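Residues per chain are reported as follows:
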Amino acid sequence: MLEEELRKLKPKRVALLIHLNADPDALCAAYALKRLLESSKLAKARIIAPEGVSKLSKQVADEFRIRFYDSGLNSCALAILVDTATLEQLGDLGGMLVRGELPYVMIDHHTPHPKTVSSATLCLIDSSLTSSCELVYRIYAEMGAKLTSKVATALLTGILYDTRGLLHANDNTIEVVYELIRAGGSLKRARSALRVEVDFSERVARLKAAQRLELSRVDDLLLAFSHVSSYEASAARSFIALGADLAVVVGGKEGEVRISLRCSEAFRRKTGIHLGRDLAEKLGEMVGGMGGGHATAAGVNGVGDPESFLPKCREFVEEVVKSSLLEKE
Ligand SMILES: [Mn+2]
């Protein structure tokens, strides 16, 4: 279908557009498409990542020598949106598409926005797939195009990323992974492309936060509190991994206070507490700043002394948790 569309439109140059702060699935899917369009002589292609890609994607790009740009849309006759469900996810570059100045095709595994779909020339969307790379593999298969081992490995990388190392893989994912390995793809190399080493200073911060950890128990919920000068979010996440139901880590120095809150799904279910709304917003007021976020991850910025704010913070959080449990009874 994509092939027919391209033979009809005959664009000289195609932009492969990926979302802001693109993850490895978006980048690898775009890369494999670029190789497909060029090797089958359908069009020249350029990967455009508005405002750049994520830190991990940068590492993947270095590993596979994938080149991407943050501009050049003007010289393209067609855009292919990869792993991108709405035009808003393209930042300022989406403007040209919103204004209808450039036709676009969508290739994605997210549930798309109806408005974005209705203006598209062609949509190849399958939300039953766990990654965009699987969809790109399907396009290769439909066209009968040959995969090089490098492209196969790149597609495996995107799949491993979006499925958290195949944890969320479904039957189709495993079939595609099998075919990619048969085509010469290396799971080992894909895994190593995604391996992240945690910074030394970040590991020190996590361990210091652990050293200062104060534990409270409310019913059968474990609440962990601590303070650290930086990497408070990383410390809070590590407490959840250790087994805390709720982690509150106060960070900052020299009069600046940041608070990072994380909780488990079980905590959310048992207490009904939304960290952003029920804790972060009020903590933000308490430190003369602002707080907010999601149900299981939130943050606060304000002023004060992190260490001396911790007891007040702890008292407030424990109160909210206790009263939410009473309400639930
Ligand atoms: Mn994806």
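From a predicted model like this one, the values you see are computed outputs, not experimental measurements.

Asks: Could you give me a rundown of the sheet that holds strand 4 (residues 104-108), with the residues and numbers involved?
Replies: Think of a sheet as strands paired side by side through backbone hydrogen bonds, with each pair either parallel or antiparallel. Read from one edge of the open sheet, five strands run 2-1-3-4-5, paired in parallel fashion. Each end of this open sheet is capped by a strand with a single partner; those strands are strand 2 (44-48) and strand 5 (122-125). Taken over all neighbouring pairs, the strand axes of this sheet differ in orientation by 20° on average, direction set aside. Contacts from helix 2 (residues 24-39) reach strand 1 (13-18), strand 2, strand 3 (78-82) and strand 4 within the one sheet, and its direction differs from that of strand 1 by about 165°.

Asks: Tell me about the domain arrangement of the protein, and please be specific about residues and values.
Replies: For the protein, the assigned domains are domain 1 (2-194) and domain 2 (201-328). One C-alpha centre belongs to domain 1, the other to domain 2, and the line joining them spans 38 Å.

Asks: Could you give an account of the sheet that holds strand 9 (residues 256-263), naming the residues involved and the relevant values?
Replies: Strand order across the open sheet formed by six strands is 6-7-8-9-11-10, with mixed pairing between neighbours. Across the chains shown, the open sheet's two edge strands, defined by having one partner strand only, are strand 6 (214-218) and strand 10 (290-293). In this sheet, neighbouring strand axes are inclined to one another by 15° on average, regardless of whether the strands run parallel or antiparallel. Bridge count for strand 8 (residues 246-251) against strand 9 is six bridges, and the pairing is antiparallel. Within strand 9, the position partnered with V250 by the bridge is I259. Against the sheet, helix 11 (residues 232-242) touches strand 7 (221-227), strand 8 and strand 9, its axis set at about 160° to strand 8.

About the cut-offs
Starting afresh in each chain, residues are numbered from 1 along the sequence in its written order. Only residues with pLDDT of 70 or above have their local features reported here, since the model is predicted, and side-chain atom pairs are shown and tallied only from 80 upward, although totals for entire chains, interfaces and linings are computed over all residues. Hydrogens and waters are ignored; side-chain quantities use all the structure's heavy atoms. A strand pair is defined by DSSP finding two or more bridges across the two strands. Strands are runs of DSSP state E lasting at least two residues, helices are runs of H or I lasting at least four, and both sets are numbered from the N terminus onward. Angles shown run from 0 to 180 degrees and are taken between the N-to-C directions of axes, each axis being a line fitted to C-alpha atoms and, for helices, limited to the stretch in contact. The contact criterion used throughout is that any non-hydrogen atoms of two residues lie within 4.5 Å. Start and end points for every domain follow an automatic or database-based domain assignment.

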